[in-house]
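# Reading the structure
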Amino acid sequence: DWLLLAYGVLWTFDGVLGTVSAHQHLSLSEWGTAAGQLQFFLLYRSLKVTLRTGNERHLALKVLFVASGAVALLAVMEELKVPGVINAIVSLTRSPVVGGTGGVIRATGPFANWAALAGYMLPLIFVAVGLGLGDALPKHKKTQVGLGLLLVLGLFVTAEFSNILCLLAGVGLLGVRYRQGRMVLRWLGIGAIVVAVGAGGLLAQRIDAQLSTSAGSS
């Protein structure tokens, strides 16, 4: 929880600092973007605080993970350019274009941009990892692992490096907290293989664009 809060606050601070440094100002919608990484953390916290019984929390988790699995699958299908998916996403988000910068196509899922999709995925992955390490969901292990890997792949196809780095740091800290560092390292290795197969080309293009000497825009 603290890691997610720190990440969201630092994201907002970085956006505000950049605006002040450039002697510009943020519109109302741009403030929403600057603070956008906090919204899904607040959704998770509201559920955690208000749902008191075990049955309520289990139901909420089922709804959250079924929905997030559908979102991650949509993002992966978008990245694979499955026929009809991109047109459906444009229709859902009312966005004039689904794409990226520097020639890199970055998945957005049902959101208007890839940063929002990454911000949606990150808290849910941390919750899933925490539940798994705490052995809170002993049933349907294969389904849980498959869903977890799908969520991770859904995050990686956004090619949002700040979220990806935060994910790696957070999973490592959770492994230490639950005293299961070796198992976490093993699963990180498996996840790295899945990501390399599913999103390796995208991340390589994204790194090339990030390190380009030409200035970006927007």
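Scroll up a little and you will see the structure.
Residues numbered from 1 in each chain as written. Predicted model: local features only at pLDDT ≥ 70, side-chain atom pairs only at ≥ 80, totals over all residues. Heavy atoms only, no water.

## Details of empty space enclosed by the protein
Taken as a whole, this structure holds 2 cavities of 30 Å³ or more when the rule is applied. Of the pockets and cavities examined, the largest cavity occupies roughly 70 Å³. Forming the boundary of the largest cavity are Phe40, Leu43, Tyr44, Leu64, Tyr120, Pro123, Leu124 and Val127. Ranked by residue count, the leading element in the lining of the largest cavity is helix 6 (residues 114–133), at 4 residues. The class makeup of the residues in the lining of the largest cavity is 8 nonpolar, no polar and no charged. Put simply, the second largest cavity is a space of about 40 Å³. If you trace the second largest cavity, you find it lined by Leu4, Tyr7, Gly8, Gln37, Phe41, Gly119, Leu122 and Pro123. Secondary structure elements with two or more residues in the lining of the second largest cavity: helix 1 (2–21) and helix 6. (1 Å grid on protein atoms, 1.4 Å probe; cavity = no way out; pocket = protein on both sides within 12 Å on 5 of 7 lines; lining within 4 Å. Points joined across faces, edges and corners; volume = space filled by probe spheres on them. Helix = DSSP H or I, 4+ residues; strand = E, 2+ residues; numbered from the N terminus. Nonpolar A, V, L, I, M, F, W, Y, C, P; charged D, E, K, R; others polar.)

## Here's the deal with the pattern of salt bridges
Scanning all chains against the criterion turns up 3 salt bridges. We note a salt bridge from aspartate 1 to arginine 45, for which the minimum N-O separation is 2.8 Å. Of the two residues, aspartate 1 sits in the segment before helix 1 while arginine 45 sits in helix 3 (residues 39–50), which places them 44 residues apart along the sequence. Aspartate 1 is paired through a salt bridge with lysine 48; the nearest N and O atoms lie 3.0 Å apart. Taken together, the positions of aspartate 1 in the segment before helix 1 and lysine 48 in helix 3 put the pair 47 residues apart, joining distant regions of the chain. Residue lysine 48 is classed as partly exposed on the basis of its relative accessible area, which comes to 35%. (Salt bridge = Lys/Arg side-chain N within 4 Å of Asp/Glu carboxyl O. Buried < 20%, exposed > 50% of the residue type's maximum accessible area, 1.4 Å probe, protein only.)

## What to know about the side chain of asparagine 163
You can see asparagine 163 is positioned in helix 8 (residues 161–177). Within the structure, asparagine 163 has its side chain in polar contact with the side chain of serine 162 (distance 3.4 Å). The contact partners of asparagine 163, leaving out residues within four places of it in the chain, are Tyr7, Trp11, Gln37, Ala118, Gly119, Leu122 and Leu155. (Polar contact = N/O pair within 3.5 Å; in protein donor to acceptor, adjacent residues only side chain to side chain. Contact = heavy atoms within 4.5 Å.)

## Looking at a nonpolar patch on the surface
A surface patch of nonpolar side chains, amounting to about 340 Å² of accessible area, comprises Trp2, Leu5 and Val9. Here leucine 5 is to be found in helix 1. Residue leucine 5 is classed as partly exposed on the basis of its relative accessible area of 30%. (Patch = residues over 30% accessible without salt bridge, like charges linked within 9 Å, V, L, I, M, F, W, Y side chains within 5 Å. Areas by Shrake-Rupley, 256 points an atom, 1.4 Å probe, with all protein chains shown as cover.)

## Let's talk about the packing of aromatic side chains
For any pair of aromatic rings, the description rests on two quantities: the centre-to-centre distance and the angle between the ring planes. Applying the stated rule across the entire model yields 5 aromatic pairs. Measuring from ring centre to ring centre gives 6.3 Å for phenylalanine 41 and tyrosine 44, while their planes differ by 45 degrees; the resulting arrangement is tilted. Residue phenylalanine 41 and its partner tyrosine 44 are located together in helix 3, separated by 3 residues, close to a single helical turn. Classification of tyrosine 44 by relative accessible area gives buried; the value is 18%. These aromatic residues form a ring-pair network of at least three members: Phe40, Phe111 and Tyr120. (Phe/Tyr/Trp six-rings, centres within 6.5 Å; stacked < 30°, edge-to-face > 60°.)

## What to know about the nonpolar core
In terms of nonpolar packing, the biggest core is built from 43 residues, with Met121, Leu122, Leu155, Phe156 and Leu167 touching the most fellow members. Elements with a minimum of two residues in this core: helix 1, helix 3, helix 4 (54–79), helix 6, helix 7 (141–156), helix 8 and helix 9 (181–210). (Core = buried A, V, L, I, M, F, W, Y, C linked by side-chain atoms within 4.5 Å.)

## Considerations on helix 7
Each turn of an α-helix holds 3.6 residues, which means side chains three or four residues apart point in the same direction. The end-to-end C-alpha separation of helix 7 is 23 Å, in line with the 22 Å expected for 16 residues at 1.5 Å each. Buried within helix 7 are the following residues: Leu151, Val152, Leu153, Gly154, Leu155 and Phe156. Those residues of helix 7 that are buried are in contact with helix 4, helix 6, helix 8 and helix 9. (Expected span 1.5 Å × (residues − 1).)

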